[in-house]
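Geometric and topological summary
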Amino acid sequence: MEQEISLYIPMGVKAEHEFFNGFGKKELSQSLIGSVMGGMIAIFLWLVMENVALTVVVALTGIFGSVMMCTKENSQSVVDQIGNIVRFYYSQQIYPYRMLDEWGIEGQDNEPEICCNGLVGGKRVGT
């Protein structure tokens, strides 16, 4: 007799404790760093311009902006997306290879052709 084994996976379970939806300990540390940087810019503006209103606006914008940029929506925050863009920019984009005529379809020339990312002989293939 065969017994069926089922696995129950609960929905909405978070891997870490979150202070509010999408904002945990990692995001708190990221936003604290952003808030400190915003505070440093506000102090610099205070020293240069001595304008209280501008200093307060810049300090509060730094705090709220860093919290908004670090809060995750759909498992990614703005900071995570920027990190992914930078990582993609510096990753390998061209994959050179030699295309061989494995089935003898091409005919006379049996010399392998160098290809990169869907280009064969300078022309796009497969579109």
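Read on for an overview of the structure. No experiment lies behind these values; they were computed from the predicted model shown.

Some thoughts on a nonpolar patch on the surface
On the surface, a nonpolar cluster with roughly 1,100 Å² of combined accessible area is contributed by Ile43, Phe44, Trp46, Leu47, Val48, Met49, Val52, Val56, Leu60, Ile63 and Phe64. Those elements giving two or more residues to the nonpolar patch turn out to be helix H1 (25-49) and helix H2 (52-70). Broken down by element, the residue count for the nonpolar patch peaks at 6 residues, all from H1. Mapped onto the elements, Phe64 comes out in helix H2. Taking relative accessible area as the criterion, Phe64 reaches 54% and is therefore assigned exposed.

With respect to unusual backbone geometry
One non-glycine residue, Glu50, adopts positive backbone phi at about 55°. In the Ramachandran plot, Ser75 falls in the positive-phi region, its phi being about 65° despite a non-glycine side chain. In this structure, Ser75 sits in the loop between H2 and helix H3 (78-90).

Thresholds applied
Residues numbered from 1 in each chain as written. Predicted model: local features only at pLDDT ≥ 70, side-chain atom pairs only at ≥ 80, totals over all residues. Heavy atoms only, no water. Patch = residues over 30% accessible without salt bridge, like charges linked within 9 Å, V, L, I, M, F, W, Y side chains within 5 Å. Areas by Shrake-Rupley, 256 points an atom, 1.4 Å probe, with all protein chains shown as cover. Salt bridge = Lys/Arg side-chain N within 4 Å of Asp/Glu carboxyl O. Helix = DSSP H or I, 4+ residues; strand = E, 2+ residues; numbered from the N terminus. Buried < 20%, exposed > 50% of the residue type's maximum accessible area, 1.4 Å probe, protein only.

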